[in-house]
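# Structure assessment
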Amino acid sequence: MQSYINQLDGVFPSVCSLDCPDQCGLLLHKKDGKIIKVEGDSTHPVTKGNICNKVRNMTARIYDSKRLSQPLKRIGAKGEGKFVPIGWEEAIDTITSKWKTLINQHGPESILPYSFYGNMGNLSAEGMDRRFFHKLGASRLERSICNAAGATGYSYTMGGSFGVDPEETIETKLFIMWGINAVSTNMHQVTIAQQARKNGAKVVVIDVHKNQTGKWADWFIPILPGTDSALALGLMHILYAENLINQSFLDEYTVGSAELREHVRQYDPDTVSAITGVSIDDLYTLARMYGSTTPSFIRIGNGLQHHDNGGMAVRTIACLPALTGQWIVKGGGATKGNSGYLAFNTNALQRPDLLQNKKTRVVNMNQIGQALLAKEKPIRSLFVYNSNPVLVAPNANKVQQGLMREDLFTVVHDLFLTETAMYADLVLPAASSYETEDFYTSYWHNYAQLQKPVMETYGESKSNVELFKLLAANMGFEDAAFQDSEEDMIRQALDFPDNPYLEGITYESLSENQFVKAKMRPLFPGKLRTPSGKIELYSEQMKQHGYEPLPTYTPIVKDSDLPFLFIPAPNHNFLNSTFSNNDKHISMEKEPKLHMNIADALKLGIDIDDMVRIWNERGECILKAAPGDNVLAGVLVSQGLWQNTPDKKQHINALTPDRLADMGNGAVFFSGRVNLEKVL
C-alpha cells in the first residue's frame, strides 16, 4: 500500500469521509508535512472539484487545538469534564480488565457498542469493530437512526437500494426534490440540476420548510409534516383519472396496477388537500406537470422518513415513476439511495460467524436512553465510537440521565471531547480519515474510492482498526480475523461475486485509479430483487409482514395535545454533531433559530428575534424566533444540532420522541409535538 505520509510537500488524492451522499473526491495540499489546504478533485466524474464549506475548512477540524492527542481518564464527576492523561497500555488494560469482570459476573451482553457513520470509511464504520464485538458476544446495536425506515419502504417497491444514476440526471426535464434540503446535503445533485436547467429543466421542491433548496427551486410546495404519502396518493389519483399513465410499462414491469387504480380513488383532491395543506389547484398542476414531462426524476430525501409513517411514505413515492413509465427513459425514475450498486461482502468484513450466541440481544440505537435506564439485565458498559449520542440520539435528556449512572463504565473513542465523552470514564483519541487506509462506497453516486494515509497520526491517536486489534489481543482473541491488515480487509470485502455491479472494483483497480465506477446497466428491461422481479405496487410480501399491501396514508402519532409539530432539520454548516464544536463552522452558521409561520407569531405576540421557549414532556429549548412564510401554520422548524451551554438551552433533541417508525425500526425525529411561548 502506497502511503503519502512521508512525502512532506505536494498534492495528494483523498476522499471525503463525512456521512454525506456526495462522497467527494478531494485533493490535499501538504507543506512541511502538514495539510494546509483541502480542495475538490476536478477529475472526479461526479463531484468535479466542487466541495462544501464543511470540507473546505476541514483543516480547522483536523488541527483544532481542542483535538484529543492522548487517552484520558475521568477524575471528576460524570459530565463535569475533568480528566487526566494516561498511556495507551493503561487504557487498554483498564477496559479489558473491566470487561472480563463484567463478562464473568453478568455475561457479555452487559456490554454494548454504540456507533454509526461519523466516518464513512467502511473499515472505520463496520470492520474490525464488528469482528471484535461479535467475538466478545456483546449486545448488538441496531443501527437504524438514519435511513432505515425509508430504505425498507423503498425496497418493498423496488427490491433494494437501486435508483437513477446521478450522472444521467443531466438529461432530466423535471426534478422533484421531495423532503431533501439538497443545497445543504446533496450539493452535487443540485449542480447537475442546474446544468439541466440550462436545457429547460424545471425544479420543484416539496418540503415542510422553505430552506435553501426551497428558495432555489422554480416552485416550492409547502406540505404539512408527515402527510407525504397522502400527497403521492393524491397525485396517483389524478394521474389515473386523467389517463396520464404509461399502461404498457405498468403491464410489463409492475404488479398491482389495477388494484392501485381502484385504491387511489379514495384519495381525491379535496381529501388530499385537507390532509396535506397543498391546494387543490397545486395538486392538479403538479400531477399534470409530472404526468406530461419526461424524463422526470424524484430525489427522495431523508427528512420525510423520520416520521411515524416514514417507511410507507417512501414506499408510496417510489411507486410514482412506474405509473408514468419513467424508468425506461434516461434521466427518469427516482432515487432514495444507490448503495445497492456498490454492495460489498459485509459478512467477510464484519464476520458475524464469530458471534457464538446467535440469540444475543439487540438494542435499537434510537432508544439508547431507554436501554441505559432499563432495570432488567442492565447495560453495564457502553463503548461509543463514530457517534455522539448525547447530541444525535432522540429524547436526549433520557440519554444524559442514563450516562450519569455511576455503575455504567463508558468509553468514548473520538477526535474531540464530545458531549458524550464528558460522561465517559475513559476517552481515547481517534485518528482522522486522512491518517488511515480505507475504502469508500457512496450511497448516491456509483463510484468506490480508496483512501491512502496522507498525514502523520495526530498525537497518539489510533484508527478503529488499530484500536480493536489492541483490544482483541488483550482479551486473548487468537482468531486470524484479528490479524488482518487494512489491505486484507478491503480485499475480502470487495471479493463479492453475488453483486455483478461490483465487477472490476478491486484493491488493485482502486489503487491505480483512485475511484472506480460500478458496472452499471439499466434496471429495465431486467429483473428486480422483489419477490415478483417487478416493481411491486401491490406487495404480497408487505401483507405477510403485517403491512397494508398497497400504498396507504396513515397519520403520524399524536403523542400529545400540544399545538405545534416540531421539525429538527439539518443546517448548512454542520453535519449532525460534526463541526458543531468548531469555532469556524459555528461562526459560519451563526446561531440556531426557530422558523414559524407569521400568523402563529402574530397570535402569540412574537416578533423577529424574540427569544421563545418551546417545550414538551421530554424537555425544553430557548431559541430566537424567525417568523415568516417559510413554514405552514402549526409547524416549527429549527436547524442544526447545537450544543447546550451554561447560559443557552438549544439542544433540540431534548424534544424529539424515541419511539420507532413504521418500518425498519427507524427514528421519528420529525413526529414530535411542542408548545411555544415568548420569553419575557
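Residues numbered from 1 in each chain as written. Predicted model: local features only at pLDDT ≥ 70, side-chain atom pairs only at ≥ 80, totals over all residues. Heavy atoms only, no water.

## Remarks on the sheet that holds strand β3 (residues 34–40)
Within the open sheet, the 3 strands sit side by side as β1-β2-β3. Their pairing is antiparallel. In this open sheet, the two edge strands, each paired with only one partner strand, are β1 (10–15) and β3. Going from strand to strand, the sheet's axes swing by 30° on average, the running direction of each strand aside. Pairing between strand β2 (residues 25–31) and β3: 6 bridges, direction antiparallel. When the bridges of β3 are listed, K30 appears paired with I35. (Pairing = 2+ DSSP bridges. Helix = DSSP H or I, 4+ residues; strand = E, 2+ residues; numbered from the N terminus. Axes fitted to C-alpha atoms, helices over the stretch in contact; angles between N-to-C directions.)

## Topic: the packing of helix α6 (residues 148–158) against helix α15 (residues 310–317)
Each pair of packed helices gets described by two things: the angle between the helix axes and the distance between those axes. Look at α6 against α15: their axes get within 7 Å of each other, and the N-to-C directions meet at 40°. Comparing their axes, α15 and α6 come out oblique. For the element pair α6 and α15, the recorded crossing hand is right-handed. Only G310, G311, V314 and R315 of α15 make contact with α6, whose side of the interface consists of A149, G150, G153, Y154, Y156 and T157. Classifying every residue of the contact of α6 with α15 by side-chain character gives 4 nonpolar, 5 polar and 1 charged. (Parallel < 35°, antiparallel > 145°, perpendicular 65-115°, else oblique. Left-handed = near helix turned anticlockwise from the far one by under 90°. Contact = heavy atoms within 4.5 Å. Nonpolar A, V, L, I, M, F, W, Y, C, P; charged D, E, K, R; others polar.)

## Structural notes on the pattern of salt bridges
Under the definition given, this model contains 30 salt bridges. For D425, the salt bridge identified is with R74, shortest N-O distance 2.7 Å. With a gap of 351 residues between them, D425 in the loop between β16 (409–414) and β17 (426–429) and R74 in strand β4 (residues 72–74) connect regions that are remote in the sequence. Linking R613 and E677 is a salt bridge whose minimum nitrogen-to-oxygen distance equals 3.0 Å. Taken as a pair, R613 in strand β24 (residues 611–616) and E677 in strand β27 (residues 672–678) lie far apart in primary sequence, 64 residues in all. (Salt bridge = Lys/Arg side-chain N within 4 Å of Asp/Glu carboxyl O.)

## Overview of the pairing of strand β25 (residues 619–628)
With 5 bridges joining them, strand β23 (residues 593–597) and β25 adopt parallel strand pairing. Residue pairing across strands places M596 opposite P627, the latter belonging to β25. As judged from the 6 bridges shared by β24 and β25, these two strands associate in the antiparallel manner. Bridge pairing links W615 to E620 in β25. What sits between β24 and β25 in their antiparallel hairpin is a turn of 2 residues.

## Let's talk about the sheet that holds strand β6 (residues 111–115)
In spatial order, the strands read β5-β4-β17-β16-β15-β6; together these 6 strands make up an open sheet with mixed pairing. Sheet topology places β5 (83–85) and β6 at the edges, where each strand pairs with a single neighbour. Each adjacent strand pair in this sheet contributes to an overall mean axis angle of 20°, direction not counted. Bridging between β16 and β17 involves 4 bridges; their strand directions are parallel. Looking across to β17, one finds that D414 is bridged to P429.

## Here we look at helix α22 (residues 486–494)
All of the buried residues along α22 are M489, I490, A493 and L494. When α22 is viewed along its axis, its buried side chains cluster within an angular range of 125° and face the same direction. (Buried < 20%, exposed > 50% of the residue type's maximum accessible area, 1.4 Å probe, protein only. Arc of directions from axis to C-beta.)

## Some remarks on the packing of helix α13 (residues 269–276) against helix α14 (residues 280–292)
It is the contact of α13 with α14, at a shortest axis distance of 9 Å, that shows an interaxial angle of 110°. Between α13 and α14, the interaxial angle falls into the category roughly perpendicular. Taking contact as the criterion, the partners of P269, D270, V272 and S273 in α13 are, on α14, I280, L283 and Y284. Along the lines of polarity and charge, the residues of the contact of α13 with α14 split into 5 nonpolar, 1 polar and 1 charged.

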